[in-house]
Amino acid sequence: MSYQPEKELALKIVRQAAKLCQRVQQTQGRQAVQKADTSPVTVADFGAQAILCQGLMESFPNDPVIGEEDATLLQKPGLEGVRQQIIEQVQQSIPTATPDNVIDWINWGNGNVAPRYWTLDPIDGTKGFIRGDQYAVALALVEAGEVKLGVLACPAFPREDGNKGVIFLAIRGQGAVEIPLEGGTSQKIQVDPSAHFEQLYRIESVESVHSDRQVQTAIDQRLGLTYAAKQMDSLAKYGAIARGDAHLYTRVPLPQFEGKKENIWDHAAGVIMVEEAGGKVTDLEGKPLDFSVGAKLSNNHGVLATNGSIHSQVLAAIKQEK
Ligand code: AMP
Ligand code: MG
């Protein structure tokens with residue numbers, strides 16, 4: 001399948017959502033609200049989810065959508081102002097949107113897995129977004145438990161021309177490309193297949209609790225890595241591996257989060273990016289990530305993404321450290 005209609009729609013709405021995020025960042029800076037799990041959420045997270053869901057609902061009304069955000073929080077007393085800002089931001093992108101539309105669009109992301117569904121994270125790396133670092137608008141199409149199309153808009157990602165803002169796009173069987181955020185020529189990307197560990201870069205989250213750094217240090221030593229890990233928020237890490245800027249990325253659950261599984265929207269679009277650029281992604285036991293079971297990767301333990309050529313060696317090192 002060529003996935004041409006899906007690709008066109010995905011690129012269009014991810015760009016629109018990224019534009020909303022940039023606008024919110026310029027006008028509102030660091031304002032955030034706390035979610036029930038104490039993680040921050042902003043006007044841009046909700047606004048971007050509304051835009052993404054509106055497009056999907058209109059073009060592919062039969063496809064369920066599983067998104068990170070939910071509008072329930074916005075009913076809380078005291079958040080009327082935030083709700084109003086979200087509505088105004090969405091109206092700048094879609095002038096005909098009513099307040100009810102905006103809430104309905106956000107909640108369109110409350111779907112369940114099906115033989116074919118979309119998953120999205122309107123802002124992955126909200127903490128990076130608030131800090132002014134990396135973040136990604138992430139959208140993926142899943143069929144029969146396998147990611148078929150992934151798009152990542154990374155408005156702060158550095159480009160070779162000195163500007164910032166990259167879209168990564170991958171379609172199963174068609175490779176991966178990067179495109180300037182504002183549009184332009186798409187360029188094929190590929191992993192750096194080097195297997196000389198002393199010259200390779202590991203990439204990790206900026207947030208230290210998202211992966212076990214103690215176990216990681218032991219794995220790094222076993223592999224003979226010499227460079228300090230690069231740090232980056234969000235799914236942009238998968239883009240960095242796909243374009244050869246880094247070579248491996250792990251998520252090793254900390255003991256206190258052992259039973260907590262990864263969210264599908266935190267990985268789906270990145271997984272296909274790395275795979276279509278020639279790399280490999282599995283869990284820490286070498287099993288493929290299973291996107292058929294629900295909003296979490298319940299059948300998997302942690303995540304390992306590599307340039308492919310080092311994958312089995314890294315898996316062996318992980319096994320020895322567990
Ligand atoms: P990153 O930018 O790589 O730090 O990843 C951000 C994502 O990590 C967020 O979207 C959260 O869903 C997810 N997250 C939050 N807490 C944890 C945790 N304890 N372990 C793994 N991932 C987490
Ligand atoms: Mg996320």
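Use the structure listed above.
Residues numbered from 1 in each chain as written. Chains lettered and ligands numbered in written order. Predicted model: local features only at pLDDT ≥ 70, side-chain atom pairs only at ≥ 80, totals over all residues. Heavy atoms only, no water.

1. As for the site of ligand 1
Quick reminder of the rule: Consider each residue's heavy atoms; a residue with any of them within 4 Å of a molecule or strand counts as near. Polar contact is defined as a pair of N or O atoms within 3.5 Å, subject to the rule that within protein one atom must be able to donate a hydrogen and the other to accept it, and that residues adjacent in sequence are counted only when both atoms are side-chain atoms. Residue burial considers only the protein chains on display, and all accessible areas are found by Shrake-Rupley using a 1.4 Å probe.
Around ligand 1 there are 13 residues in total, and Ser205, His210, Ser234, Lys237 and Asp266 lie nearest to it. Interatomic distance of 3.0 Å between a side-chain N/O atom of Asp124 and an oxygen atom of ligand 1. A distance of 2.4 Å is found between an oxygen atom of ligand 1 and a side-chain nitrogen or oxygen belonging to Ser205. Surface burial for ligand 1 is 82%, taken as the share of its 500 Å² of free accessible area covered by protein chains.

2. With respect to the sheet that holds strand β9 (residues 187-189)
To be explicit about the condition: Each pair of strands is called paired provided DSSP finds at least two bridges between the two strands. Secondary structure counts use DSSP, requiring at least four H or I residues in a row for a helix and at least two E residues in a row for a strand, with both numbered from the N terminus. Axes, fitted as lines to C-alpha atoms, cover a helix only where it is in contact. Angles between the N-to-C directions of the axes lie from 0 to 180 degrees.
With mixed pairing, 7 strands are arranged side by side in an open sheet as β3-β4-β5-β6-β7-β8-β9. The sheet is open, and its two edges are formed by β3 (65-67) and β9, each paired on a single side. Going across the sheet, the axis of each strand differs from the next one's by a mean of 20°, ignoring polarity. As paired elements, strand β7 (residues 164-171) and strand β8 (residues 175-180) share 6 bridges and run antiparallel to each other.

3. Considerations on the environment of Gly175
Rules: The cut-offs for exposure are 20% and 50% of the maximum accessible area for each residue type, with area from a 1.4 Å probe on protein chains only; residues under the lower value are buried, those over the upper are exposed, and the others partly exposed.
Relative to the helices and strands, Gly175 is located in strand β8. For Gly175, a relative accessible area of 10% translates into the label buried. Spatially, the C-alpha atom of Gly175 lies 29 Å from that of His210, the residues being 35 residues apart in sequence.

4. Observations regarding the coordination of the magnesium ion (ligand 2)
The test is simple: Here a donor is an N, O or S atom found within 2.8 Å of the metal, or within 3.2 Å if the metal is Na, K or Ca; sites may look incomplete because water is not among the atoms.
Every protein donor of the magnesium ion (ligand 2) is accounted for by Asp121 (OD), Asp124 (OD) and Asp266 (OD), and the metal-donor separations fall at 2.0 to 2.2 Å. Read N to C, the donor residues that coordinate the magnesium ion (ligand 2) are spaced as D-x2-D-x141-D. Here the residue Asp124 occupies a position in strand β4 (residues 116-124), and Asp266 occupies one in the loop between β12 (248-251) and α8 (268-276), the gap between them amounting to 142 residues. Under the relative-accessibility criterion, Asp124 is labelled buried at 10%. Residue Asp266 is classed as buried on the basis of its relative accessible area of 16%.

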